[in-house]
Amino acid sequence: MSPSRRVAILGGVRIPFVRNNTAYHDVGNLGMSIKALGALVEKFGLHGEQLGEVAMGAVLKHSSDWNIGREATLSSGLSPATPGITMQRACGTSLDTVVTVANKIALGQIEAGIGGGSDTTSDVPIAVNKRLRRRLLDANMARSFGARLKAFKGFRFKELTPEFPGVGEPRTGKSMGEHCEMMAKEWGITREAQDQLAYESHTKAAMAYERGFFKDLVVPFRGVERDNILRPDTTIEKLATLKPAFDKASGKGTLTAGNSTPLTDGASAALLASEEWAAAHGLEVQAYLVDAQVAAVDFVHGEGLLMAPAWAVAQLLARNKLRLQDFDFYEIHEAFAAQVLCTLKAWEDPVFCKEKLGLDAPLGAIDREKLNVVGSSLAVGHPFAATGARIVATAAKLLREKGSGRALISICTAGGMGVAAIVER
């Protein structure tokens, strides 16, 4: 294998993220992926170009979407000789696709590639009842009419009830919101602090749109020009009127529809390359993907479901000999305002850092002025597999604007995992 070389982030693009069952309700993952990839091809003049890999992902997908990465590539304008792969790690999916492509570039296996993802909660896969599924499979294997009839012996109409994708963790039965509510209670995160973070996310994103920051990052689609989740006119007072969304009975619930991400449809993609490939194609390097780390926690036996980024970031910092304060931007995915605040509080806690992270001293506090400076998921939405590539492209552009610096990316995922990355310029 070749020695490691620098991996350039050349930029990214996404379609506006929209609340589910609105503008993209009938598009599906493949259609959104094709639009995002096609827009990236158009932006960087890649028509007919053969890339080393296109890695895309989706969390909620139909069985017919067997390889979205390859199928979207074939419709994107890239050379059909460009390979495509489909990946999935819940909310960290497209950060993983970007890292996968980056690793291949770093090792010299490929010169350029695309990482991205899409998700729809408007067109979710609906399965037939397990008992009916077995009957249908048995009937399909039968070699006579009598055998086919036998497969339906004892059939009950309740077997026609469809099965929708579950919203709970298979091992606990609790949703992400319910788990995060438990985390908020454990860490003492107040409703006021969560609403404040949500308000700031909307305000920052609205200001970024107004100054044109997203002009080359977001391409219109289906008559939508900006994320329809964004509420520029929201206020702390409006957020305070919302009722708890997950803990509705105890009187102590703090997570609401306002300080939690809504179900969202959307797609994004980011272009990465070797410095040589970028120079040969006359494309500017916005930033470099330096390193990444994945971690997991035992949420079944006591750890917070969405706390794994605390471990991922600590491990990433240690390997790169960096402090938590050595960053100009912190792009922390806002699955829930409480999740961000729990993570920040954990990094400041000496007991947690010693007993859980094995550190002699706490990682400490960050400068909150550097946190999600152009808004994040609470304001723009969270199509599960599209968030990572959105954040990578955002971080790279922020560093390009600044001219130098370093950004930390942190994403929590279902299943008690977390993904972190370092981007530099």
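The text that follows walks through the structure, step by step, so that each part is easy to find.

**Focus: the overall build of the chain**
Point 1. In terms of helices and strands, the chain carries 14 helices and 10 strands.
Point 2. A compact globule built from 425 residues would reach a C-alpha radius of gyration of about 22 Å, and the chain, at 22 Å, matches this within 12%.
Point 3. When the backbone C-alpha atoms are referred to their principal axes, the chain occupies close to 75 × 60 × 45 Å.
Point 4. The buried share of the chain, reckoned over its 425 residues, is 54%.
Point 5. Accessible area for the chain stands at about 18,200 Å²; split by element, carbon and sulfur atoms hold 54% of it.

**Topic: unusual backbone geometry**
Point 1. The backbone of alanine 90 shows a phi angle near 45°, a positive value even though the residue is not glycine.
Point 2. By the secondary structure assignment, alanine 90 is in the loop between strand E4 (84-87) and helix H3 (93-106).
Point 3. A residue is classified by how much of its surface remains accessible, and alanine 90, at 11% relative accessible area, is buried.
Point 4. For arginine 222, which is not a glycine, the phi torsion comes out positive at approximately 55°.
Point 5. In this fold, arginine 222 is placed in the loop between helix H7 (191-210) and helix H8 (236-240).

**A closer look at the side chain of serine 274**
Point 1. On the secondary structure map, serine 274 appears in the loop between strand E6 (264-273) and helix H9 (275-280).
Point 2. There is a polar contact of 2.7 Å between the side chain of serine 274 and the side chain of glutamate 111.

**A short note on the packing of H3 against helix H14 (residues 387-402)**
Point 1. For the pair H3 and H14, interaxial distance at closest approach is 5 Å and the crossing angle is 60°. Judged by the inter-axis angle, H3 sits oblique to H14. In contact with Ser94, Leu95 and Val98 of H3, H14 contributes Thr387, Gly388, Ala389 and Val392.
Point 2. The class makeup of the residues in the contact of H3 with H14 is 4 nonpolar, 3 polar and no charged.

**Quick look at empty space enclosed by the protein**
Point 1. For the structure shown, the criterion picks out 1 cavity of 30 Å³ or more.
Point 2. If you add up the space inside the largest cavity, you get close to 50 Å³.
Point 3. Lining the largest cavity we find Gly12, Val13, Arg14, Phe214, Leu217, Ala269, Ala389, Arg390, Ala393 and Thr394.
Point 4. The residue inventory of the lining of the largest cavity, partitioned by class, reads 6 nonpolar, 2 polar and 2 charged.

**Let's talk about the nonpolar core**
Point 1. Judged by nonpolar contacts, the single largest core of 49 residues is most densely connected at Trp311, Leu324, Tyr330, Trp347, Phe352, Leu371 and Leu408.
Point 2. Mapped onto this core, the elements with two or more residues apiece are helix H6 (176-187), H7, helix H10 (308-320), strand E8 (329-332), helix H11 (337-348), helix H12 (350-355), strand E9 (406-413) and strand E10 (417-424).
Point 3. Excluding its chain neighbours within four sequence positions, the residues that come into contact with leucine 371 are Leu197, Lys204, Tyr330, Ile332, Val340, Leu344 and Ile366.
Point 4. One finds Leu60, Ile105, Val392 and Leu399 within the second-largest nonpolar core, a separate group that totals 47 residues.

**Section: the layout of surface pockets**
Point 1. Here the largest pocket is characterised by a volume of approximately 930 Å³.
Point 2. Grouping the constituent residues of the lining of the largest pocket by class yields 19 nonpolar, 10 polar and 2 charged.
Point 3. Considering only enclosed or pocket space, the second largest pocket measures out at about 180 Å³ in volume.
Point 4. In terms of lining, the second largest pocket is formed by Ser4, Arg5, Arg6, Val7, Val99, Ala102, Asn103, Ala106, Leu289, Val290, Asp291 and Ala292.
Point 5. Contributing elements (two or more residues each) for the lining of the second largest pocket: H3 and strand E7 (287-296).
Point 6. For the lining of the second largest pocket, the class distribution of residues is 7 nonpolar, 2 polar and 3 charged.

**Brief notes about the packing of aromatic side chains**
Point 1. As enumerated under the stated definition, the model contains 8 aromatic pairs in all.
Point 2. Between the aromatic rings of tyrosine 209 and phenylalanine 214, the centroid separation amounts to 4.6 Å while the plane-to-plane angle is 45°, which identifies the pairing as tilted.
Point 3. Owing to a relative accessible area of 11%, tyrosine 209 belongs among the buried residues under this scheme.
Point 4. Ring-pair connections join several aromatic residues into one group, and the members of that group are Trp187, Trp311 and Phe352.
Point 5. Directly above the aromatic system of phenylalanine 214 lies the positively charged group of arginine 14, at a separation of 5.7 Å from the ring centroid.
Point 6. A cation over an aromatic ring shows up here: lysine 397 above the ring of phenylalanine 213, its NZ or CZ 4.8 Å from the ring centre.

**Looking at the environment of serine 79**
Point 1. By the element assignment, serine 79 lies in the loop between helix H2 (68-74) and E4.
Point 2. The exposure class assigned to serine 79 is buried, which follows from its relative accessible area of 12%.
Point 3. The spacing of serine 79 and glutamine 50 is 29 residues in sequence and 4.9 Å in space, taken between C-alpha atoms.

Rules behind the numbers
Residues numbered from 1 in each chain as written. Predicted model: local features only at pLDDT ≥ 70, side-chain atom pairs only at ≥ 80, totals over all residues. Heavy atoms only, no water. Helix = DSSP H or I, 4+ residues; strand = E, 2+ residues; numbered from the N terminus. Rg over C-alpha atoms; globule rule 2.2 N^0.38 Å. Buried < 20%, exposed > 50% of the residue type's maximum accessible area, 1.4 Å probe, protein only. Areas by Shrake-Rupley, 256 points an atom, 1.4 Å probe, with all protein chains shown as cover. Polar contact = N/O pair within 3.5 Å; in protein donor to acceptor, adjacent residues only side chain to side chain. Axes fitted to C-alpha atoms, helices over the stretch in contact; angles between N-to-C directions. Parallel < 35°, antiparallel > 145°, perpendicular 65-115°, else oblique. Contact = heavy atoms within 4.5 Å. Nonpolar A, V, L, I, M, F, W, Y, C, P; charged D, E, K, R; others polar. 1 Å grid on protein atoms, 1.4 Å probe; cavity = no way out; pocket = protein on both sides within 12 Å on 5 of 7 lines; lining within 4 Å. Points joined across faces, edges and corners; volume = space filled by probe spheres on them. Core = buried A, V, L, I, M, F, W, Y, C linked by side-chain atoms within 4.5 Å. Phe/Tyr/Trp six-rings, centres within 6.5 Å; stacked < 30°, edge-to-face > 60°. Lys NZ or Arg CZ within 6 Å of the ring centre and 35° of its normal.

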